[in-house]
Amino acid sequence: VQLQASGGGLVQTGGSLRLSCVVFEGNFENYLMGWFRQAPGQEREFVAAVTWSGQHTYYEDSVKGRFTISRDNARNTLYLQMNKLEPEDTATYYCAAQMSPTSTSYNYRPLYDYWGQGTQVTVSS
């Protein structure tokens with residue numbers, strides 16, 4: 001299973017970006033999918049997750065109301081729409097897939113099985 005993230009870039013405060021993550025091989029429609037981010041010198045942290053059907057979504061508190069996670073199972077693609085970006089959102093963003101999720105595993109990094117290579121998001125003030 002390979003994950004390829006794209007869509008990062010440089011944007012001003014208040015701007016928007018849309019990240020994409022294409023999953024090659026595997027059973028995308030069965031995976032819980034998530035986005036994490038890592039700033040320099042920081043731990044990789046949970047951002048958002050979506051269940052296999054897209055019915056349930058979860059967000060880290062600081063991105064609620066600004067970011068939207070979604071998926072297209074027909075295209076094996078995960079998205080993260082990021083609006084009202086702030087300098088604190090600057091990080092490398094990673095997509096990840098979890099094969100056997102539980103009701104509480106969506107934000108637990110060690111339980112994710114596959115990871116993309118990351119895409120850089122930089123928000124200037």
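Everything that follows concerns the structure shown earlier in this document.
What counts and what doesn't
Residues numbered from 1 in each chain as written. Predicted model: local features only at pLDDT ≥ 70, side-chain atom pairs only at ≥ 80, totals over all residues. Heavy atoms only, no water. Helix = DSSP H or I, 4+ residues; strand = E, 2+ residues; numbered from the N terminus. Polar contact = N/O pair within 3.5 Å; in protein donor to acceptor, adjacent residues only side chain to side chain. Contact = heavy atoms within 4.5 Å. Buried < 20%, exposed > 50% of the residue type's maximum accessible area, 1.4 Å probe, protein only. Pairing = 2+ DSSP bridges. Salt bridge = Lys/Arg side-chain N within 4 Å of Asp/Glu carboxyl O.

Student: For the side chain of threonine 92, give the residues involved together with the corresponding values.
Tutor: Mapping threonine 92 onto the fold places it in strand 9 (residues 91–98). Within the local environment of threonine 92, its side chain forms a polar contact with the side chain of glutamine 120, the two groups lying 2.8 Å apart. Those residues within four positions of threonine 92 in sequence are excluded, and the remaining contacts are Phe36, Arg37, Gln38, Gly118, Thr119 and Gln120.

Student: Tell me about the pairing of strand 4 (residues 32–38), residues and numbers included.
Tutor: Walk down a regular strand and you will see the side chains alternate between the two sheet faces. Within strand 4, 6 of the 7 residues are buried, which leaves the element mostly enclosed by the surrounding structure. One ladder, built from 7 bridges, connects strand 4 with strand 9; its direction is antiparallel. Paired with methionine 33 across the bridge in strand 9 is alanine 97. Pairing analysis gives 5 bridges linking strand 4 to strand 5 (residues 45–50), with the strands arranged antiparallel.

Student: An account of the pairing of strand 11 (residues 119–124) is needed here, citing residue identities and associated values.
Tutor: Of the two faces of strand 11, the one holding Thr119, Val121 and Val123 is buried and the one holding Gln120, Thr122 and Ser124 is not buried anywhere. Where strand 2 (residues 9–12) lies against strand 11, 4 bridges are found, and the strand directions are parallel. What sits directly across from leucine 10, in strand 11, is threonine 122. Across 3 bridges, strand 9 lies against strand 11 in antiparallel orientation. The residue of strand 11 that forms the bridge with alanine 91 is valine 121.

Student: Tell me what's going on with the pattern of salt bridges, and back it up with residues and numbers.
Tutor: On inspection of all chains with the given rule, the structure shows 7 salt bridges. Across the pair aspartate 89 and arginine 37 runs a salt bridge, and its minimum N-O distance is 2.9 Å. With a gap of 52 residues between them, aspartate 89 in the loop between strand 8 (77–82) and strand 9 and arginine 37 in strand 4 connect regions that are remote in the sequence. Assessed through its relative accessible area of 1%, aspartate 89 is described here as buried. Given a relative accessible area of 6%, arginine 37 falls into the buried group. We note a salt bridge from lysine 64 to aspartate 61, for which the minimum N-O separation is 3.1 Å. Residue aspartate 61 is classed as exposed on the basis of its relative accessible area, which comes to 59%. A single salt-bridge network, built from bridges that share partners, covers Arg37, Glu45, Arg66, Glu86 and Asp89.

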